[in-house]
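Each chain is listed here by its residues.
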Amino acid sequence: MSELSAPLIDSHCHLVYEGLVEDQAGALDRARAAGVTGFLNISTREREWRDVVAVAEREGDVWATVGIHPHEVDHHADLGEDILRHASQHDRVIGIGESGLDYYYDKSDRAVQRDLFRMHIGIARETGLPIVIHTRDAEDDTLEILREEKGKGDFPALIHCFTASPEFGRAVLEMGLTISLSGIVTFKNARELQEFAKEIPADKMLVETDSPFLAPVPHRGKTCEPAYVRNTAEFVAELRGEDVNTLAQFTTDNFFALFNKAKAS
């Protein structure tokens, strides 16, 4: 690995998921040894919010989000705004989500997905906390909802683990959203994504692992760890013709600009 002197943030990991939770402390220590200086621990269902936040309370370089993943919305159809609003007020909670639409697996009713996505956006608008968006095979509906909701008032937002079309990417960038790249960008069959990664403005990019999923090359087939965000950062930097320290620094700056509550927490 090349020398890393700039800070580097894993903007999306699931530290309470099977594959990481069994050796959570070790995974964090290995990431820190690799130069990772911060972690955003993402929640996907209400019952894990307490555990996700507890990690952030215990570890000074870890922050948390609260939200409902589209796969889980059928179990949370009656989740009220007040519950999400209250949970978002915790000092270590700096984002809403992950939330959004997933029509690839269709694990939840699409109408309920859309309703809860809008509810999450409303809380993001109200609190100023960024919504972390998951979208898969749902580009048209995602764009329609984002445009309609932007018309009601602005809100900060991030498309995490970007794998959508370049057209979708350009559309969300025009709306002011930030895009995060995961280890998928390192895959051999991700040529279109690699080309689009060169287009993303430096002030609108983050990097992530989505661990324990989607380990980047050269770790494919292994359980993904937050340490591997460095591999993704190095790959993207080479792809864009940038020094890895330059990319690490601007993605870290972008993280704190977007998740600005992290500065005070």
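Residues numbered from 1 in each chain as written. Predicted model: local features only at pLDDT ≥ 70, side-chain atom pairs only at ≥ 80, totals over all residues. Heavy atoms only, no water.

Caption draft 1: Representation of the pairing of strand β5 (residues 131-136) within the structure. Of all the six residues making up β5, five are buried; the element is thus mostly covered by neighbouring parts of the structure. With six bridges connecting them, strand β4 (residues 93-102) and β5 associate as parallel partners. Looking at β5, one finds that Gly 100 is bridged to His 134. Note that the unit made of β4, helix α4 (residues 110-127) and β5 has a crossover that is right-handed. Each parallel crossover has a hand, and the one from β5 via helix α5 (residues 139-152) to strand β6 (residues 157-159) is right-handed. (Buried < 20%, exposed > 50% of the residue type's maximum accessible area, 1.4 Å probe, protein only. Helix = DSSP H or I, 4+ residues; strand = E, 2+ residues; numbered from the N terminus. Pairing = 2+ DSSP bridges. Right-handed = clockwise from strand over helix to strand, strands pointing away.)

Caption draft 2: Here's a closer look at α5. The terminal C-alpha atoms of α5, which comprises 14 residues, lie 20 Å apart, in line with the 20 Å expected from a rise of 1.5 Å per residue. The set of residues buried in α5 consists of Thr 142, Leu 143, Ile 145, Leu 146, Glu 149 and Lys 150. Buried positions in α5, seen along its axis, are confined to an arc of 165° and lie on one side of it. Residues Asp 140, Gly 151 and Lys 152 are exposed on α5 and point more than 90 degrees away from its buried face. (Expected span 1.5 Å × (residues − 1). Arc of directions from axis to C-beta.)

Caption draft 3: Molecular detail of the environment of Glu 48. For Glu 48, the location among the structural elements is in the loop between β2 (38-41) and α2 (49-58). Residue Glu 48 is classed as buried on the basis of its relative accessible area, which comes to 6%. Each C-alpha atom of the pair Glu 48 and Gln 113 lies 19 Å from the other, and the pair is 65 residues apart in sequence. Contacts of Glu 48, omitting those with residues within four sequence positions, involve Tyr 17, Ile 42 and Ser 43. (Contact = heavy atoms within 4.5 Å.)

Caption draft 4: Quick peek at the packing of α5 against helix α6 (residues 166-174). Closest axis-to-axis distance for the α5/α6 pair is 11 Å, and the angle between their directions is 10°. The orientation of α5 relative to α6 falls into the category roughly parallel. Together, Glu 139, Thr 142, Leu 143, Leu 146 and Arg 147 of α5 and Phe 168, Ala 171 and Val 172 of α6 make up the contact between the two elements. (Axes fitted to C-alpha atoms, helices over the stretch in contact; angles between N-to-C directions. Parallel < 35°, antiparallel > 145°, perpendicular 65-115°, else oblique.)

Caption draft 5: Examining the environment of Leu 181 more closely. Counting through the fold element by element, Leu 181 comes out in strand β7 (residues 178-181). Leu 181 gets classed as buried once you look at its relative accessible area, which sits at 0%. C-alpha separation for the pair Leu 181 and Val 16, spaced 165 residues apart in sequence, amounts to 21 Å. The contacts of Leu 181, once residues within four sequence positions are left out, are Phe 162, Leu 193, Ala 197, Ile 200, Met 205, Leu 206, Val 207, Glu 208, Thr 232 and Val 236.

Caption draft 6: Structural context of the nonpolar core. Membership of the largest hydrophobic core comes to 81 residues, with the highest contact counts inside it found for Leu 146, Phe 162, Val 172 and Leu 181. With seven residues, α4 is the single largest residue contributor to this core. Among residues more than four places away in sequence, those in contact with Leu 146 are Phe 117, Ile 121, Ile 133, Phe 155, Val 172, Met 175 and Leu 177. (Core = buried A, V, L, I, M, F, W, Y, C linked by side-chain atoms within 4.5 Å.)

Caption draft 7: Up close: the pattern of salt bridges. This structure, assessed with the given rule, holds 23 salt bridges. A salt bridge links Arg 85 to Glu 126, with the shortest nitrogen-to-oxygen separation between them at 2.5 Å. On the criterion of sequence distance, the pair formed by Arg 85 in helix α3 (residues 81-88) and Glu 126 in helix α4 is long-range, its members being 41 residues apart. By relative accessible area, Arg 85 is classed as buried at 18%. Two residues, Arg 240 and Glu 242, come together in a salt bridge whose shortest N-O distance is 3.0 Å. (Salt bridge = Lys/Arg side-chain N within 4 Å of Asp/Glu carboxyl O.)

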